[in-house]
Amino acid sequence: MITFLFSLFTWIAFLVLLIVFFLLLLWMWSSIKAKVPFIGVPTKTLKDIEKALNINEDSVVYDLGCGDGRVLFYLYKNNPKAKYIGIENSQFPLLVFNVRNWFFKRKNKSNISIIGKDFFDVNLSDATHIFTYLYPNVMDDLLAKFDKELKRGTRLVSASFHFTTKREVEVLDLKRGKWELAREIYVYEF
Ligand SMILES: C[S@@+](CC[C@H](N)C(=O)[O-])C[C@H]1O[C@@H](n2cnc3c(N)ncnc32)[C@H](O)[C@@H]1O
């Protein structure tokens, strides 16, 4: 019996290690491939992002490069009727998002979905609100697409990074420490 339990335990430990190793490889591959790595926005910033977005039940909210989906899952809580779409092109965050969404949908009739593509290839004309936590050069590359596709009044909230050539309607200083991420939020209207 003890021998059986020992070999069962060894197999389980081996399987867990294998899964951890696979996830680590996936994460490393995703980070190497991505122009912007997967770094989730700090959770304490979520309420500030929600306030800055100012969504309502008719909103169509996109998170460009949604990572594990933390922003969309958070927003859903106070506005369950809005539509939430994440776009993500890296395998590791995509996997985490999908697992999370599967569990989330067992409890909530949520309207959260993910598009596993490059956000430059997705038409954003139905967006009313957009969230980004990317890099300055990517923001600038996206500006032409936003100017072309977004309908009038679309609100964009960016954590940390701003456009170099477009004026914000608001900049929120979150009064964070020097070493903290996402210390400012930039709000734009198109
Ligand atoms: C800094 S993380 C932000 C994650 C999430 N928005 C958050 O705030 O927690 C940026 C994410 O954008 C994704 N990404 C970068 N470039 C992308 C692209 N062209 N298309 C889709 N996703 C992209 C990366 O894979 C990464 O997960």
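Residues numbered from 1 in each chain as written. Predicted model: local features only at pLDDT ≥ 70, side-chain atom pairs only at ≥ 80, totals over all residues. Heavy atoms only, no water.

### Brief notes about the pattern of salt bridges
The cut-off we apply is this: The salt bridge definition used is simple: a Lys or Arg side-chain nitrogen within 4 Å of an Asp or Glu carboxyl oxygen. Segments assigned H or I by DSSP are reported as helices when at least four residues long, segments assigned E as strands when at least two residues long, and all are numbered from the N terminus.
For the coordinates displayed, the defined rule picks out seven salt bridges. The salt bridge involving aspartate 68 is made with arginine 100; its shortest N-O contact spans 3.7 Å. Here arginine 100 lies in helix H4 (residues 91-107) and aspartate 68 lies in the loop between strand S1 (60-64) and helix H3 (70-78), a separation of 32 residues in the sequence. By sharing partners, the salt bridges in this structure join Asp68, Arg70 and Arg100 into a single network.

### Observations regarding the site of the ligand
So the rule is basically this: To be near a molecule or strand, a residue needs just one of its heavy atoms within 4 Å of it. The definition of a polar contact used here is a pair of N or O atoms within 3.5 Å, where within protein one atom must be able to donate a hydrogen and the other to accept one, and adjacent residues in sequence count solely through side-chain atom pairs. Residue burial considers only the protein chains on display, and all accessible areas are found by Shrake-Rupley using a 1.4 Å probe. When residues are grouped by polarity, Ala, Val, Leu, Ile, Met, Phe, Trp, Tyr, Cys and Pro land in nonpolar, Asp, Glu, Lys and Arg in charged, and all others, Gly among them, in polar.
Not every one of the 22 residues close to the ligand is listed here, only the nearest: Val41, Gly65, Glu88, Asp118 and Phe119. In this structure, valine 41 approaches the ligand through a main-chain N or O atom, which is 2.9 Å from an oxygen atom. A distance of 2.9 Å is found between a nitrogen atom of the ligand and a backbone nitrogen or oxygen belonging to phenylalanine 119. In isolation the ligand offers 610 Å² of accessible surface; the protein chains occlude 96% of this area. For the shell around the ligand, the per-class residue count stands at 12 nonpolar, five polar and five charged.

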